Amino acid sequence: ESAVLYIYYGAGTSRTAVSSALNTVGASIYSLGYDINYPTIAFGFGFKGVSGSAVAPTLPTKTASLPAGSSTSSAVWQTYAPPVLGDSTIYQALFKYQKDKQWIGEIKRYDLDSTGAITASAPLTAQSKLLARAAVSGSYSSGGRSIWTVGYDPACMSSALPLDNSYNNLTITNSTKLESLLYNCPATSNAVATQDLVNFVRGLNSSWEESATTTAVRSSVLGDTYHSEMVMVGVPNAPWSSDVATFGKSEAYYRYLYNYPSFISANSTRRSQLYVGANDGMIHAFDADLNERWAFIPPSVMPLLRNEVGTKGLNAGSGTSNSIFSVDGPITVKDVYFYGQGVWKTVLMGGLGWGGNSYYALDITNPDAPQHLFTVNNDTTNQLINYWDASGKKSSFAYSAGCTSFDYSKLGGAWSRPVIMLLPYIEGSTSLRWVAAFGGGFAGGASATGTTATSAYGSYVYVLELEPDTTKSTASCGATGSSVVTSTGGHVLTAAAVASDSTSNIPNGVTADLTVITGDGTSSANYYGGLAYFTDLQGKLWKLNLSKSSLSDSNAGLFTLYESFLDQATLANDRLAYNQLGSTIVSGTSATGASVNRLFNYFGSGDMIRLQRRVSTINNRIFGVMDSDFPATNLSKTNQTVSTFTNIDPAANPANTQQCTVNNSWYGDVYAMTGVSAAADYQKIVGRAAVYNKYVYFSAYQPEALSCPLYGTSRLIEVTDSCGVGSGGALIGSGLATAPVVDSRGNIYVGMSNLSPSTSLPSGRDNLAKLNSSNLASTGRVKYKSWREKKVY
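What counts and how
Residues numbered from 1 in each chain as written. Predicted model: local features only at pLDDT ≥ 70, side-chain atom pairs only at ≥ 80, totals over all residues. Heavy atoms only, no water. Helix = DSSP H or I, 4+ residues; strand = E, 2+ residues; numbered from the N terminus. Rg over C-alpha atoms; globule rule 2.2 N^0.38 Å. Buried < 20%, exposed > 50% of the residue type's maximum accessible area, 1.4 Å probe, protein only. Contact = heavy atoms within 4.5 Å. Areas by Shrake-Rupley, 256 points an atom, 1.4 Å probe, with all protein chains shown as cover. Lys, Arg positive; Asp, Glu negative; His and termini not counted. Charge placed at Lys NZ, Arg CZ, Asp CG, Glu CD. Pairing = 2+ DSSP bridges. Arc of directions from axis to C-beta. Salt bridge = Lys/Arg side-chain N within 4 Å of Asp/Glu carboxyl O. Phe/Tyr/Trp six-rings, centres within 6.5 Å; stacked < 30°, edge-to-face > 60°. Core = buried A, V, L, I, M, F, W, Y, C linked by side-chain atoms within 4.5 Å. Axes fitted to C-alpha atoms, helices over the stretch in contact; angles between N-to-C directions. Parallel < 35°, antiparallel > 145°, perpendicular 65-115°, else oblique. Nonpolar A, V, L, I, M, F, W, Y, C, P; charged D, E, K, R; others polar. Disulfide = S-S within 2.5 Å. Patch = residues over 30% accessible without salt bridge, like charges linked within 9 Å, V, L, I, M, F, W, Y side chains within 5 Å.

Undergrad: Tell me about the overall build of the protein, residues and numbers included.
TA: Helix and strand counts for the protein stand at eight helices and 44 strands. Here the C-alpha atoms of the protein give a radius of gyration of 27 Å, agreeing with the 28 Å that 2.2 N^0.38 yields for 793 residues. Along the first, second and third principal axes, the C-alpha atoms of the protein reach 90 × 70 × 60 Å. For the protein, the residues scored as buried account for 59% of the 793 residues in total. Sequence separation of at least 24 residues holds for 60% of the intrachain contacts in the protein that already meet a minimum separation of 6. Here the protein has roughly 29400 Å² of accessible surface; of this, 50% comes from carbon and sulfur atoms. Seen as two clouds, the 52 positive and the 53 negative side-chain charges of the protein have centres 4 Å apart.

Rendered as structure tokens:
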């Protein structure tokens, strides 16, 4: 439960005066007194508390963010990011909680058979291989770990941190320069602390938190992957086409024009690599066999690493450390053409998620020779923007109304996965440019409620250009002297304000990934660029124009926002919208009998921060919202509510006679879709919706029926894409489900976390559940196998 507690204290000329002041604000008097040395002054202390009142959702401490909190078993594996499918394999990121120590991270690779079933063979594990490498101080090529970063702060450094082709510069040899980066140009040097921290980050027991020598390797050598999702990158394989009549406005035709086939040929033997963020401060690059090839620390993360420092022990096992959020956010990868250099590059861009207000970008074209492109960070505490160029040179400048190209002052927690796309934008000699678009992120109580978002952060959508631009420098934002840098990518094209709902008491923000509909995804999209759809934390669904019908059109029509729908979310009903939409084109017949293709966006609601909250007012829902104007850029149906939608609750349609049509948006209450009593609901949708072959899937979570729940149950909801009948709520089992992942056969994989001790899944292996789509069953229902019998729902 949330509670507000106010503490009042002060002084006056008499006890009566102090009592009156406390009574005026409604505070209960706790104590009144005076100092014998100052008898004419009275002191008072009082409390005012309102249990269970609505307060802004804020991020809990890391341990408290776990559903079971500090009661989480250190023997139980946790998994919160969805699994990732490889070539006849599936990868899963897991971790174990440890009190006052670094949490233990792990990546597992399971083999799949020809049907998609998880085989009985032992999984490959990253931790077992990394433990051996952490014992060697050298780089990957010499048997150790290649851990690298970039950095040059002109305020206290005469030159940049060196980096050679070993990609291993987080070393004791470089500790003097690293100290400047780790401690933000400290006034007094502490070489011992810096060296201990460098060794700790590399995986050694330098804090003496484990019963071994300080030079031994910790069991937590790989940090926990909590919210960051893995991305597998292999040979370039984006589609290209020379068919101008069909694909002339698509990215596929652009790739043909700029000789993308040659890029494919030049990288035809590129090694597959798995990229994943972890809360040890690094984004890790593993090969397909889970050997860590290198790990990168974004420059914005370097100062965060010292927060891992606890109490150094006096003997083995007596020390402590702090497990923190750092590289905890989303990752995206795409092949991008850089005009200035005339080359294609594979660009990786990631955010810190719960770790902070920062994004970073890398060139990973050569998996053995990555290059830093840029990093941005919004320091809301000091109201500073920090920008690091490709070399790692840092430029810092205060918020300024005149700053446009580097205005990240509206960036909140970097939860939203960047969408890299080709934007029709006229500037200089080009009319198409590669950009990244993402939500402004999480801001909690710092974000606006009941007003437009112009004074807040988080309630924005950012669009930034990836290619360097020598005409834009940080001098335009107030940077001076040696701290001025020229853009090496990442300068802002727009930060579009997302208005708040005046009837909602939820602090707004955009944590969801944008879904961008382009001509590469559907032939209906006959435009350059794309149309972006997303939800904000107040449950509103938005349409953002990132398209043009002609490249000669002005930029004036870009970045226009339309509010399509609001789910009337409040802190009481819990209907926050954190996650990416699932989207698809649904074919059908219009009201006049004509054949039509309608774009539908699907999402579910639920507070992802307070997962175990149980109050009677919770009423989460799933939605299928139609854009009847697509592919037009405008929106005729705005500010919709469910009052005009079809209710697909079974109780509202007991005989299944009320079928949805392609012309109608729809909604369903989660409790009704899962067969749970409304009075005992408390369910929320966790993760994005998955769309597969005319079916849509949602993972729902229900905390256990205790006043302070530690565990819970997950179910899978299945509906047809035009809101027809699905499976209801197929029980996945005890635990907290991830978002579902569907393969080309219709197999559904769900990671399961927070399993109570001695609990196993009814299907799958370990923390990985496997179900089947209705597309594989003539009954039209979800199937799963239990250890007792086969059940059909």
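Undergrad: Residues and numbers for the sheet that holds strand β6 (residues 104-111), please.
TA: One open sheet accounts for four strands, arranged β4-β5-β6-β7; its pairing is antiparallel. Only two strands of the sheet have a single neighbouring strand rather than two, namely β4 (84-85) and β7 (124-125). Here two bridges tie β6 to β7, and the two strands are oriented antiparallel to one another. Considered in β7, the bridge of Arg 109 is made with Leu 124.

Undergrad: Give a description of helix α1 (residues 15-24) that names residues and reports values.
TA: Of the positions making up α1, those classed as buried are Val 18, Ser 19 and Leu 22. Within α1, the buried residues cover an arc of 100 degrees as seen down the axis, which keeps them to one side. Facing away from the buried side of α1 by over 90 degrees, the exposed positions are Thr 16 and Thr 24. Following α1 by one or two positions, Gly 26 adopts a phi angle in the positive range, close to 80 degrees.

Undergrad: Please provide a residue-by-residue account of the pattern of salt bridges, values included.
TA: Oppositely charged side chains are able to pair whenever their charged atoms sit close together. Evaluated as defined, the whole model comprises 25 salt bridges. Here Lys 99 makes a salt bridge to Asp 100, at a shortest N to O gap of 3.8 Å. Notably, a salt bridge pairs Glu 251 with Arg 255, separated by 3.1 Å at the nearest N-O pair. Of this pair, Glu 251 and Arg 255 are both found in helix α6 (residues 251-257), four residues apart, which corresponds to roughly one turn of the helix. A relative accessible area of 7% places Glu 251 in the buried class. The network of salt bridges with common partners includes Glu 427, Arg 433, Glu 465, Asp 469 and Lys 472.

Undergrad: Lay out the packing of aromatic side chains in plain terms, naming residues and giving numbers.
TA: How two aromatic rings sit relative to each other is set out by the distance from centre to centre and by the angle between their planes. Per the counting criterion, the structure on display carries 44 aromatic pairs. Aromatic side chains Trp 148 and Trp 294 sit 6.0 Å apart centroid to centroid with 65 degrees between the ring planes, which places their arrangement in the edge-to-face category. One end of the pair, Trp 148, is in strand β8 (residues 147-148); the other, Trp 294, is in strand β12 (residues 292-296), and 146 residues separate them in sequence. Judged by its relative accessible area of 2%, Trp 294 is buried. Seen in terms of ring centroids, Tyr 258 and Tyr 339 are 5.7 Å apart; in terms of plane orientation they differ by 90 degrees. Their pairing is edge-to-face. Of the two residues, Tyr 258 sits in the loop between α6 and α7 (260-266) while Tyr 339 sits in the loop between β13 (331-338) and β14 (343-351), which places them 81 residues apart along the sequence. Judged by relative accessible area, Tyr 258 falls into the partly exposed class, the value being 30%.

Undergrad: So what about the nonpolar core? Which residues, and what values?
TA: Met 349, Phe 374, Tyr 408, Trp 434, Leu 464 and Leu 466 are the most contacted members of the largest nonpolar core, which has 36 residues in total. If you look at the next biggest cluster of nonpolar residues, it comprises 34 residues, including Leu 170, Leu 197, Val 231 and Tyr 360.

Undergrad: So, the packing of helix α3 (residues 175-182) against helix α4 (residues 191-201): which residues are in play, and what are the values?
TA: Between α3 and α4, the least distance of the axes is 10 Å, while the angle of their chain directions is 90 degrees. Between α3 and α4, the interaxial angle falls into the category roughly perpendicular. On α4, the residues that touch Ser 175, Leu 178, Glu 179 and Leu 182 of α3 are Ala 191, Thr 194, Gln 195, Leu 197 and Val 198. Among the residues forming the contact of α3 with α4, the class breakdown is five nonpolar, three polar and one charged.

Undergrad: Describe α4, and please don't skip the residues or the numbers.
TA: Within α4 the residues assigned to the buried category are Thr 194, Leu 197, Val 198, Phe 200 and Val 201. Looking straight down α4, one finds its buried side chains confined to an arc of 160 degrees; they lie on one side. Among the structural elements, β8, α3 and β11 (282-287) are those in contact with the buried residues of α4. Downstream of α4 by one or two residues, Gly 203 has phi in the positive range, about 110 degrees.

Undergrad: Outline the state of the cysteines, supporting the account with residue identities and numerical values.
TA: In the structure shown here, the tally under the stated rule is two disulfides. A sulfur-sulfur distance of 2.0 Å marks the disulfide that ties Cys 156 to Cys 185. Between Cys 156 and Cys 185 the disulfide shows an S-S torsion of about -70 degrees. By sign, it is left-handed. With a gap of 29 residues between them, Cys 156 in the loop between β8 and α3 and Cys 185 in the loop between α3 and α4 connect regions that are remote in the sequence. Given a relative accessible area of 24%, Cys 185 falls into the partly exposed group. Disulfide partner of Cys 403: Cys 477, at an S-S distance of 1.9 Å. Residues Cys 403 and Cys 477 are joined through a disulfide that is right-handed, its torsion about the S-S bond being 75 degrees. You can see Cys 403 sitting in the loop between β18 (394-398) and β19 (419-427) and its partner Cys 477 sitting in the loop between β22 (469-473) and β23 (486-487), a full 74 residues away along the chain.

Undergrad: Can you explain a nonpolar patch on the surface? Please cite residues and give values.
TA: Where nonpolar side chains cluster on the molecular surface, the patch consists of Tyr 34, Ile 36, Tyr 38, Ile 41 and Phe 43 and spans about 550 Å² of accessible area. Broken down by element, the nonpolar patch gets its largest block of residues, three residues, from strand β3 (residues 38-51). On the secondary structure map, Phe 43 appears in strand β3.

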